[in-house]
Amino acid sequence: MFAADVLKGKVALITGGGGGIGLEIATAYARLGAKVVVASRNQERLDGAVASLAAQGLEILAVQTDVRVYEQIRDAIETAVERYGALDILVNNAAGNFHCPTAELSPNGWKTVIDIDLNGTFYGCHAAYKHLKAARDGGCIISIATMLGLSGWPGAAHAGAAKAGIISLSRALAVEWGGDNIRVNTISPGPIGDTEGVRRLYQETGREQLERKKTALGRFGNKSDIANAAVYLASDLGAYITGENMVVDGGRWLKYVAA
Ligand code: NAP
Ligand code: COA
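Residues numbered from 1 in each chain as written. Chains lettered and ligands numbered in written order. Predicted model: local features only at pLDDT ≥ 70, side-chain atom pairs only at ≥ 80, totals over all residues.

As recorded by an unreviewed UniProt entry, the chain carries the name Putative 2,4-dienoyl-CoA reductase and is attributed to Achromobacter insuavis. Its UniProt record gives the chain a comment under Sequence similarities (unreviewed entry), which states: "Belongs to the short-chain dehydrogenases/reductases (SDR) family." (UniProt positions renumbered as here; feature names shortened; annotations may be inferred.)

Written as structure tokens, this is what we have:
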């Protein structure tokens, strides 16, 4: 649906791009002409991602990275710039989450999710800033959040707090870095079928049908729904959009309390 060269000439780094939604975004970006680097921890998954793109005639560079370690995400970004000469787009997609009532959550369980989701996003933005500022047509940051961050997320208070923090951080950076021609937005997906998130949070906890019913459209989304939003925001089509939280959730947030 997008012009085949809509991202031609852009360089993108996607954290957590070795699988799930991140890989879907990486694939869409590569198909539409971008040079793509994916950064996550598991080397086997990264190798699989490179191979699956190669089978489609597409190239991505994979850099093993733990976003909880500032030096590692900084080095992944530097590697992208060395290889492709610039960085135009950063997608903070990496996340960790598990269902756990807060009274049973250990301090380290809380810290682990905050470290991956919120601190990892800050580290990525911070390390990418000087390159995004130098990007020829302006820089772009997209971070993946969820409306459950704004409503509160019973059973995943750690992830909800982290995602709320990501939305707030992004809005602050949209203002601070707007003068540097860097756009900063978030995408808030609803439940996306066939992902680790849905398997872990809804299938494993027996809440799959209930969660489907909570969306206005009565169904889970597809990974491509999120990739399409990420293409739109990263491309020149989204050139005047910053500080936005694009909700791609089938109307779930409108009905969240309905059972
Ligand atoms: P996923 O398949 O589990 O993807 C998460 C990715 O993050 C994996 O590639 C994982 O790779 C990477 N990751 C985890 N910890 C990391 C770390 N410390 N450093 C670097 N990479 C790390 O989950 P998903 O469902 O595609 O979710 C993608 C994003 O969408 C997340 O931000 C999630 O919160 C958000 N989201 C998803 C849904 C949904 O329905 N799935 C709904 C709302 C929001 P490694 O384990 O190899 O590091
Ligand atoms: N319930 C309660 N606590 C849990 C838990 C669960 N299901 N899973 C992990 N924890 C706690 C651990 O007990 C530990 O705390 P402790 O030291 O007090 O015991 C803490 O969280 C860290 O666990 P650990 O397994 O050492 O973390 P890790 O760094 O190896 O893994 C996770 C991070 C836990 C987030 C792991 O699930 C992960 O890597 N996830 C990535 C993929 C993902 O979550 N996808 C969904 C995206 S929406």
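Caption draft 1: Focus on the overall build of the chain. A tally of helices and strands in the chain yields nine helices and seven strands. Computed over C-alpha atoms, the radius of gyration of the chain comes to 17 Å, within 12% of the 18 Å expected from 2.2 N^0.38 for 259 residues, which places it in the range of a compact globule. Taken over the C-alpha atoms alone, the chain extends approximately 50 × 40 × 40 Å along its principal axes. Taken over 259 residues, the chain has a buried fraction of 46%. (Helix = DSSP H or I, 4+ residues; strand = E, 2+ residues; numbered from the N terminus. Rg over C-alpha atoms; globule rule 2.2 N^0.38 Å. Buried ≥ 20, exposed ≤ 12 C-beta atoms within 10 Å, placed from the backbone.)

Caption draft 2: Representation of the site of ligand 2 within the structure. Gly96, Phe98, Ser106, Gly109 and Gly197 are the nearest of the 13 residues found near ligand 2. When contributions to the shell around ligand 2 are tallied by element, the ones reaching two or more residues are α4 (107-133) and α7 (196-203). With four residues, the single largest contributor to the shell around ligand 2 is α4. Looking at side-chain class alone, the shell around ligand 2 contains four nonpolar, seven polar and two charged residues. (Near = placed C-beta within 6 Å. Nonpolar A, V, L, I, M, F, W, Y, C, P; charged D, E, K, R; others polar.)

Caption draft 3: Focus on the site of ligand 1. Surveying the vicinity of ligand 1 reveals 29 residues, the closest of which are Gly16, Gly20, Arg41, Asn42 and Gly197. Looking at the shell around ligand 1, the elements with two or more residues in it are α1 (20-31) and α7. Within the shell around ligand 1, the residues separate by chemical class into 10 nonpolar, 14 polar and five charged.

Caption draft 4: Looking closely at the UniProt feature "domain: Ketoreductase" (unreviewed entry) in the chain. The UniProt record annotates "domain: Ketoreductase" (unreviewed entry) at residues 10-180. With 53% helix and 15% strand, residues 10-180 has end C-alpha atoms that lie 17 Å from one another.

Caption draft 5: Highlighting the packing of α1 against helix α9 (residues 223-234). Contact geometry for α1 and α9: axes closest at 9 Å, N-to-C directions at 50 degrees. Between α1 and α9, the angle is such that the two are oblique. The hand of the α1/α9 crossing is right-handed. Of the residues in α9, those touching α1 at Ile21, Glu24, Ile25, Ala28 and Tyr29 are Lys223, Ser224, Ile226, Ala227, Ala230 and Val231. (Axes fitted to C-alpha atoms, helices over the stretch in contact; angles between N-to-C directions. Parallel < 35°, antiparallel > 145°, perpendicular 65-115°, else oblique. Left-handed = near helix turned anticlockwise from the far one by under 90°. Contact = placed C-beta atoms within 7 Å.)

Caption draft 6: Main features of helix α3 (residues 70-84). With 15 residues, α3 extends 21 Å from end C-alpha to end C-alpha; this agrees with the ideal 21 Å at 1.5 Å per step. Summarising the contacts, the buried residues of α3 are in contact with β1 (11-15), β2 (35-40), β3 (60-64) and α4. One or two positions beyond α3, positive phi appears at Gly85, with a value near 85 degrees. (Expected span 1.5 Å × (residues − 1).)

Caption draft 7: Layout of the sheet that holds β1. In spatial order, the strands read β3-β2-β1-β4-β5-β6-β7; together these seven strands make up an open sheet with parallel pairing. Each end of this open sheet is capped by a strand with a single partner; those strands are β3 and β7 (245-248). Averaged over all pairs of adjacent strands, the angle between their axes in this sheet comes to 20 degrees, without regard to strand direction. As defined by bridge partners, β1 adjoins β2 across five bridges and the pair is classed as parallel. The residue bridging Ile14 from the neighbouring strand is Val38, located in β2. Lying on the sheet, helix α2 (residues 43-55) is in contact with β2 and β3; it crosses β3 at an angle near 180 degrees. Of the strands in this sheet, β5 (139-144), β6 (182-189) and β7 are in contact with helix α6 (residues 157-176), which crosses β6 at around 160 degrees. (Pairing = 2+ DSSP bridges.)

Caption draft 8: Summary view of unusual backbone geometry. Not every positive phi belongs to a glycine, and Asn181 is a case in point at roughly 60 degrees. With respect to the helices and strands, the residue Asn181 is situated in the loop between α6 and β6. Despite not being glycine, Asp194 shows a phi value in the positive range, around 65 degrees. Along the chain, the position of Asp194 falls in the loop between β6 and α7. With 10 C-beta atoms counted inside 10 Å, the residue Asp194 sits in the exposed group.

Caption draft 9: Local environment of the environment of Thr121. One can find Thr121 in helix α4. Each C-alpha atom, one on Thr121 and one on Val69, is 11 Å from the other, the two residues being 52 residues apart in sequence. Here Thr121 is in contact with Asn92, Ser143, Ile166 and Leu169, once residues within four sequence places are set aside.

Caption draft 10: Spatial organisation of the packing of α4 against α6. At a closest axis distance of 9 Å, the pairing of α4 and α6 adopts a crossing angle of 15 degrees. In terms of their interaxial angle, α4 and α6 are classed as roughly parallel. Taken as a pair, α4 and α6 cross one another with a handedness that is right-handed. Mapping the contact onto sequence places Gly109, Trp110, Val113, Ile114, Asp117, Leu118, Thr121, Phe122 and Cys125 in α4 and His158, Ala159, Ala161, Ala162, Lys163, Gly165, Ile166, Leu169 and Leu173 in α6. Considering only residue class, the contact of α4 with α6 consists of 12 nonpolar, four polar and two charged.

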